[in-house]
Amino acid sequence: MKKGLIFIMFTFLIMSLAACAQEEDETPQFLDVQLTITPEHAEKGQQVVFEAKVTYGEEEVTDADEVAFEIWRANDENHEKIEVEHNENGVYSLERTFDMDGTYYVYAHVTARSMHNMPKKEFVVGTASEKEEDTSSSMMDEEEDHSGH
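As a starting point, this report considers the structure included with it.

### A few points about the environment of Thr55
So, point 1. Assignment of secondary structure puts Thr55 in strand β3 (residues 48-56).
So, point 2. Judged by relative accessible area, which is 15%, Thr55 ranks as buried.
So, point 3. Linking Thr55 and Asn89, residues 34 residues apart in sequence, is a C-alpha distance of 9.4 Å.

Next up, the structure:
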C-alpha cells in the first residue's frame with residue numbers, strides 16, 4: 001500500500017513539474033502593426049496607399065476587431081477616420097488622393113486579440129507645411145476621450 005501511495009505521489013509530482021515547464025516555455029505575444037505609406041512624398045491628385053501589416057507573434061491577423069486609418073493635415077483639427085477591411089496576409093489598406101499641399105499625419109488604429117496598437121507616421125503632399133509640435137501624449141489623451149467614435 002505504501003509503495004502504491006509513493007508511486008502515485010511521485011507520478012503527480014512529475015506531472016506537476018512538466019505542466020510548470022510548459023507554462024514557462026510560452027512567451028507572451030504582442031500585437032504588432034507595421035504602417036507603411038507609398039509614396040511618403042506624393043503630389044496633389046496622386047494616389048497614396050496606406051498599409052497596416054498586422055501580426056500577433058508570428059501569426060498574421062486576418063480577423064482584427066477594428067482597423068481604421070485616422071488622417072489629418074498638420075495643425076488641422078478636422079481628422080478623418082476611415083475603417084478598412086482585411087486584404088490578404090494580415091495586410092489592411094486604404095488608397096486616397098489629396099488635393100491640398102501640406103504635411104499630413106496618419107494613425108493606424110488596430111484592435112485585435114484584446115490589444116490596441118496605433119502607430120503614427122508623417123507624409124507630405126506637394127509642398128510641406130509647418131509640422132505639428134510633438135503632441136503624442138496629448139493625442140493619446142484626446143484619443144481616450146473620443147474612444148467611442
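### Brief notes about the side chain of Ser93
So, point 1. Among the secondary structure elements, Ser93 is positioned in strand β8 (residues 91-96).
So, point 2. A distance of 2.3 Å separates the side chain of Ser93 from the side chain of Asn87, its partner in a polar contact.
So, point 3. Among all residues touching Ser93, those that are not within four sequence positions of it are Phe50, Glu51, Phe69, Val84, Glu85 and Asn87.

### So, the nonpolar core
So, point 1. The biggest cluster of nonpolar side chains holds 26 residues, and the ones touching the most others in it are Phe50, Val54, Phe69, Ile71, Phe98, Val106 and Phe123.
So, point 2. Contributing elements (two or more residues each) for this core: β1 (31-38), β3, β5 (66-73), β8, β9 (102-112) and β11 (120-125).
So, point 3. The dominant element in this core, judged by the number of residues it contributes, is β9, at 5 residues.
So, point 4. Among residues more than four places away in sequence, those in contact with Ile71 are Phe50, Asn78, His79, Glu80, Ile82, Leu94, Arg96, Phe98, Tyr105, Val106 and Phe123.
So, point 5. One finds Trp72, Ala74, Tyr107 and Met118 within the second-largest nonpolar core, a separate group that totals 5 residues.

### Here's the deal with the packing of aromatic side chains
So, point 1. If you walk through the whole model with that rule in mind, you get 8 aromatic pairs.
So, point 2. Plain terms: the ring middles of Phe50 and Phe123 are 5.2 Å apart, the flat faces sit at 70 degrees to each other, and that makes the pair edge-to-face. Of this pair, Phe50 sits in strand β3 while Phe123 is found in strand β11, placing the two residues 73 residues apart along the sequence.
So, point 3. Among the aromatic residues, ring-to-ring pairing joins Phe50, Phe69, Phe98, Tyr104 and Phe123 into one connected group.
So, point 4. Here the basic side chain of Arg113 rests over the ring of Tyr56, its NZ or CZ set 6.0 Å away from the ring centre.
So, point 5. The ring of Tyr105 is capped by Lys120, whose NZ or CZ atom sits 4.9 Å from the centre of that ring.

The rules behind these values
Residues numbered from 1 in each chain as written. Predicted model: local features only at pLDDT ≥ 70, side-chain atom pairs only at ≥ 80, totals over all residues. Heavy atoms only, no water. Helix = DSSP H or I, 4+ residues; strand = E, 2+ residues; numbered from the N terminus. Buried < 20%, exposed > 50% of the residue type's maximum accessible area, 1.4 Å probe, protein only. Polar contact = N/O pair within 3.5 Å; in protein donor to acceptor, adjacent residues only side chain to side chain. Contact = heavy atoms within 4.5 Å. Core = buried A, V, L, I, M, F, W, Y, C linked by side-chain atoms within 4.5 Å. Phe/Tyr/Trp six-rings, centres within 6.5 Å; stacked < 30°, edge-to-face > 60°. Lys NZ or Arg CZ within 6 Å of the ring centre and 35° of its normal.

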